[in-house]
Amino acid sequence: MKVERPSRQVLVLGAGLAGLAAGYELVKGGFEVTIVEKNEAVGGLARTIEKNGFRFDTGPHRWYTKNDMVNNWMLKLLGKEVIKVPRLTRIYFDRKFFNYPIKIKSTILGMGLVKTILAVLDYGLVRIQAFFHSRPPVTLEEGYVSKFGRTLYEMFFRRYSEKLWGTSCKNISADWIGQRTRGFNISTIIKDILFKPQNVVSFVDEFSYPEKGIGRIAEKLAADFKKGGGKILLSSEVVTVEHDQKRVTAVVVKRKTGAKKLVIQEVISSIPISDFIQSLNPVVPSEIARTNHKLTYRDELQVAIFINKTHLTADTWIYVHSLDLPYVRFMEMDNWSDKLSPEGTTTLVFEIACNEGDQTWRQTDRQIVDLVVSAFIKEFNLITEADILGSFVHRMPKEYPVYHLGYRKDLSLLKNYLSRLGNLQLVGRNGTFRYNNMDHSIEMGLYAAWNIIEGERKFDVESVNIEREYLEEKKLFDKAPELAEDVSVEENEPSHE
Ligand SMILES: Cc1cc2nc3c(=O)[nH]c(=O)nc-3n(C[C@H](O)[C@H](O)[C@H](O)COP(=O)(O)OP(=O)(O)OC[C@H]3O[C@@H](n4cnc5c(N)ncnc54)[C@H](O)[C@@H]3O)c2cc1C
C-alpha cells in the first residue's frame, strides 16, 4: 500500500540498476521521483537488447550474491522468471582451452610438466621473498605474482589483463584483483587438488538468471516504478548540476526538445562521478578539477552475431587471451536460456575492449563485424558465412572504472569535496567509482532510498562492496524498512566478470 507522505521530490540521475532500485523503493515509500537517463532505454550496463526476435545481453551477466536480502529482493521482483543456469567458464589461451577457475589437472595437461614444475618453484620463491620483505602489492602485476607466482601470472593473467585494460599491468592498481579474485589464490587451488575430486561437477556450477535476459531486472523495475507514479525521462543527459556549496539546487538535462531544468529536494546520482563533478555549477576548485581528470574508464564494443545454428559451444562464456583475436571474451546466449533466440538459432556476443574515440571505436559497424566474424570462423571453424543471419554492434562507454595507481587517494579527495552537498548521495558502479557487480549497485540504491525514507543517513552506501572486516552490515540491516526480517549477510562473492 502506498504510504502518504508530504510531497518531497527526489531526482535520480541514471536508470541503471542502482538508480532504478532507488527509484522503485522511493515510490513505494510515497515519494515523488523522477529518473533522468541519457540513453534511449533503461538498464545501463546490464541491458538486454532485442533485434529481429533475438534477445542478447550487453556482456555476460550472471546473477550471484551471497547477500540474502538483495537476493530475496530480486527474486520477489522477478518471481518465476528466474531460472538456474549451469556455468562453464573457460580460458582460450595458445589455441587450448583451460577451465576457470583454474583446475590443476587440466592445467597440467594443458601446460605440460616442465611449466608446471616451474610454476610451483617460482610460487615458492615468491612466498620466501614475501616472508622477508612483506609489503602489500601496489600494481596489478605485483598482486597477481604474489597470489599465483610469475609463471601462472604470465600464462593466465598478464596477457588477458593487458588486452582488457589496454595498458601494462604495472599501471593498474592491485586493488582490482581483490575485487575480482577475492578468496581465490594458489593455496585455494592446492586445497582444491587435495580435497576435491577432479570431475566435471567441480568446475560447473549454477547461477540465477532471468530467462528473458538480464535486462529483465531493469525492465521490471522501470515498469513497477512507473506504475507507482514515478517518471523516467529517457534521452535526457545531465549537463549541469547547480548548487550553493551546501546542497544541489537544480539539475539541467539536455533533451532532443531542448534543455529542461529540474528543481529538487534530494538527489541520488549513479552517473559517473567524474561527469557529475564536471557538471557542477559553480565549477570546482582547480585542484579538484585536476584530480577529477585522472579518473578514466575502459570502454567496449559488443558485437552480436545471429546464427542459424544452435549450441555451438558448451560454455556460458569464454575468455580469449590470444592477442591475434580481437575480442577479450565471447558468450553464446543459447547456453544461458532457450527463450532468447528463435528456435534453431543462437546469438554469439563478442566483447572488444577499447577506449571511446580510439581507432577501434571509430571503425564502422561493418568493419567491426567483418573483423569479428573472420577471426571467429578462421580460429574455431564452427560456422561459415552462410550460417550468419544478421549482426548488431553496441558501443558501450565507461564499462570499467580504471583503478590507476594512487586512485584511492584521488577518489577520497573527490568524495570528500562532494560530501559538502548535504542532499546528494552517490551510488552505483561509476557513481562511486567502485568495481561493483549488480547486487552491489542494487544494494547501494536501496540504502540511498531508505536514507531518504527514514529522513536520516542510517545506511552507509560507501560500506557496500568493501572487505567484510570494514563492515557492520548487520547493524545497518536491523534498521531497514520492510525487509529487515529477510536479512542475513555473508561475505560477498568474488567478481563475476
Ligand atoms: C561486460 C560486463 C559484464 C558484467 N557481468 C556481471 C555479472 O556477471 N554479474 C554481476 O553481478 N555484475 C556484472 N557486471 C556489473 C554490472 O553490470 C554493474 O554492476 C551494474 O549494471 C551497474 O549498475 P549501475 O546502476 O551502478 O551503473 P550503470 O549501469 O552504469 O548505470 C548508470 C546509468 O547512468 C546513465 N548516465 C550516465 N551519464 C549520464 C548523464 N550525464 N545523464 C543521464 N544519465 C547518465 C547511464 O546511461 C546508465 O544508464 C558486468 C558489467 C559489465 C560491463
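Here the structure is a predicted model, which means the values were calculated and not measured.

Participant: Which parts of the structure should I look at to understand the side chain of Ser463?
Facilitator: Structurally, Ser463 is set in the loop between α16 (438-454) and α17 (473-477). The exposure class of Ser463 is buried, given its relative accessible area of 8%. There is a polar contact of 2.6 Å between the side chain of Ser463 and the backbone oxygen of Asp460.

Participant: What am I meant to see in the pairing of strand β7 (residues 96-100) here?
Facilitator: Summarising the sheet, strand β6 (residues 89-93) and β7 pair through 5 bridges and their orientation is antiparallel. Looking at β7, one finds that Arg90 is bridged to Asn99. Two successive antiparallel strands, β6 and β7, enclose a turn made up of 2 residues, where Asp94 displays a positive phi of approximately 45 degrees.

Participant: Would you take a moment to explain the packing of aromatic side chains for this structure?
Facilitator: Taken as a whole and assessed by the stated rule, the structure comprises 36 aromatic pairs. With 6.1 Å between their ring centres and 75 degrees between their planes, Phe93 and Phe98 make a pair best called edge-to-face. In this structure Phe93 comes out as buried when scored by relative accessible area, which is 4%. Here Phe98 falls in the buried class, since its relative accessible area comes to 2%. The lysine or arginine in question, Arg90, covers the ring of Phe97, its NZ or CZ lying 4.2 Å from the ring centre.

Participant: Help me understand the sheet that holds strand β17 (residues 329-332) in this model?
Facilitator: Each strand in a sheet pairs with its neighbour through backbone hydrogen bonds, running either in the same direction (parallel) or in the opposite one (antiparallel). The 7 strands lie next to each other as β7-β6-β16-β17-β18-β15-β19, forming an open sheet whose pairing is mixed. Only two strands of the sheet have a single partner each, and these edge strands are β7 and β19 (388-401). Direction aside, neighbouring strands of the sheet carry axes that sit 20 degrees apart on average. Where strand β15 (residues 297-307) lies against β19, 10 bridges are found, and the strand directions are antiparallel. Residue pairing across strands places Leu301 opposite Arg395, the latter belonging to β19. Each of β6, β7, β15, β17, β18 (346-354) and β19 touches helix α13 (residues 365-380); the most contacted strand, β19, lies at about 105 degrees to it.

Participant: In this structure, what is going on with the site of the ligand? I would like to understand it.
Facilitator: Not every one of the 33 residues close to the ligand is listed here, only the nearest: Glu37, His61, Arg62, Arg429 and Ser441. Between Met438 and the ligand, the recorded distance is 2.8 Å, taken from a backbone N or O atom to an oxygen atom. Within the complex, the protein chains bury 97% of what would otherwise be the 1000 Å² of accessible surface of the ligand. For the shell around the ligand, the elements supplying multiple residues, two or more each, are α1 (17-28), β10 (237-243) and α16.

Participant: Teacher, can you tell me more about the sheet that holds strand β9 (residues 231-233) here?
Facilitator: Spatially, 5 strands are ordered β9-β2-β1-β13-β20 in an open sheet, and the strand pairing comes out parallel. For this open sheet the edge positions go to β9 and β20 (424-426), each flanked by a neighbour on one side alone. In this sheet, adjacent strand axes meet at a mean angle of 20 degrees when their direction is disregarded.

Criteria and thresholds
Residues numbered from 1 in each chain as written. Predicted model: local features only at pLDDT ≥ 70, side-chain atom pairs only at ≥ 80, totals over all residues. Heavy atoms only, no water. Helix = DSSP H or I, 4+ residues; strand = E, 2+ residues; numbered from the N terminus. Buried < 20%, exposed > 50% of the residue type's maximum accessible area, 1.4 Å probe, protein only. Polar contact = N/O pair within 3.5 Å; in protein donor to acceptor, adjacent residues only side chain to side chain. Pairing = 2+ DSSP bridges. Phe/Tyr/Trp six-rings, centres within 6.5 Å; stacked < 30°, edge-to-face > 60°. Lys NZ or Arg CZ within 6 Å of the ring centre and 35° of its normal. Axes fitted to C-alpha atoms, helices over the stretch in contact; angles between N-to-C directions. Contact = heavy atoms within 4.5 Å. Near = heavy atom within 4 Å. Areas by Shrake-Rupley, 256 points an atom, 1.4 Å probe, with all protein chains shown as cover.

Shape descriptors only; they carry no functional weight alone.
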